[in-house]
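Analysis of the macromolecular model
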Amino acid sequence: MNKSISRTGYLTRLSVLLALVIILTVLNIGNIPIGPIVATIYQIPVIVGAVLLGTGAGCILGGAWGILCFYLAVTGQTTDIVALGIVQQNVLLYFVIAFVPRFMVGLISGLLSSAFKKINFFRKHNVIPFAITGAVGALTNTVLYLGALYIFVKQLLAELYEIDISAVGGMVMGVATTNGLIEAALSCVVVAAICKALSHVDKGLKI
């Protein structure tokens, strides 16, 4: 817990961010079309929570996001054909693929933010560490999730998208360098803006 925030304040902020994670994920409204690319913003509440409230909060939010993704896939309430395909083959494997990358977003964002605070980088450059953490947090999800798909369900991806298995690597890299980089840039800007604004509005957050 961030020592500069009261327990009540911490729980209030955590609850609001958790509600955002649930709303975005359950209602599937965390996708933003940018030209032919669709970028996701599901990771943003997780990263903001990790920055403002600490690593523990980031892990709670990321873990909740992962569990929700798993639940929606298992109950057939998702439009993600890859998730549905993996669930049909191996439910436990999909839990790992759905949970671990999202949990790691909170963990890595929190640890990175904590490191910046320890070297007093926030006070010196203020918005820059927010932006860096936003980008790294988004890339964490992209790299781990797509990497897991490539390692564990390469054959399934080939079947679902009707491509040769040798082309799966290129497809995954294509997604990573288009959607992934756009999501990183989006998170960079939005996380920096939100955290910068909150650091001024709430003087109790000694960032």
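Residues numbered from 1 in each chain as written. Predicted model: local features only at pLDDT ≥ 70, side-chain atom pairs only at ≥ 80, totals over all residues. Heavy atoms only, no water.

As a further point, take the overall build of the chain. Helix and strand counts for the chain come out as nine helices and two strands. For the chain, the α and β elements follow one another from N to C terminus as α-β-β-α-α-α-α-α-α-α-α. Evaluated residue by residue, the chain yields a buried proportion of 45% over its 207 residues. Taking all contacts inside the chain whose residues are at least 6 apart in sequence as the whole, residues at least 24 apart take part in 69%. (Helix = DSSP H or I, 4+ residues; strand = E, 2+ residues; numbered from the N terminus. Buried < 20%, exposed > 50% of the residue type's maximum accessible area, 1.4 Å probe, protein only. Contact = heavy atoms within 4.5 Å.)

Together, Ile22, Ile23, Val26, Leu27 and Ile29 line one region of the surface with nonpolar side chains, adding up to about 430 Å² of accessible area. Within the secondary structure, Val26 is located in helix α1 (residues 7-26). A relative accessible area of 41% places Val26 in the partly exposed class. (Patch = residues over 30% accessible without salt bridge, like charges linked within 9 Å, V, L, I, M, F, W, Y side chains within 5 Å. Areas by Shrake-Rupley, 256 points an atom, 1.4 Å probe, with all protein chains shown as cover. Salt bridge = Lys/Arg side-chain N within 4 Å of Asp/Glu carboxyl O.)

Next up on the list: the confidence of the model for the chain. Of the residues in the chain, 88% reach a pLDDT of 70 or more, and the chain-wide mean stands at 90. The lowest-confidence element of the chain is helix α6 (residues 121-125), averaging 62 in pLDDT; the highest-confidence one is helix α3 (residues 55-74), averaging 97. (pLDDT = per-residue confidence, 0-100.)

Take the side chain of Thr140 next. One can find Thr140 in helix α7 (residues 127-152). Polar contacts involving the side chain of Thr140 include one to the main-chain carbonyl oxygen of Val136, which spans 2.8 Å. (Polar contact = N/O pair within 3.5 Å; in protein donor to acceptor, adjacent residues only side chain to side chain.)

Right, let's talk about the packing of helix α4 (residues 81-89) against helix α5 (residues 91-118) for a bit. As a packed pair, α4 and α5 sit with axes 6 Å apart at the nearest point and diverge in direction by 140 degrees. With respect to each other, α4 and α5 are oriented oblique. Residue-level inspection shows Ala83, Ile86, Val87 and Gln89 of α4 in contact with α5, the latter providing Val91, Leu93, Tyr94 and Ile97. Considering only residue class, the contact of α4 with α5 consists of seven nonpolar, one polar and no charged. (Axes fitted to C-alpha atoms, helices over the stretch in contact; angles between N-to-C directions. Parallel < 35°, antiparallel > 145°, perpendicular 65-115°, else oblique. Nonpolar A, V, L, I, M, F, W, Y, C, P; charged D, E, K, R; others polar.)

Helix length check: α1, at 20 residues, gives a terminal C-alpha distance of 28 Å against a target of 28 Å (1.5 Å per residue), a fit within 8%. All buried positions along α1 are accounted for by Gly9, Tyr10, Leu14, Leu17, Val21, Leu24 and Thr25. The buried residues of α1 occupy an angular sector of 130 degrees when projected down its axis, which confines them to one face. Of the surrounding secondary structure, the elements contacted by the buried residues of α1 are α2 (43-53) and α3. (Expected span 1.5 Å × (residues − 1). Arc of directions from axis to C-beta.)

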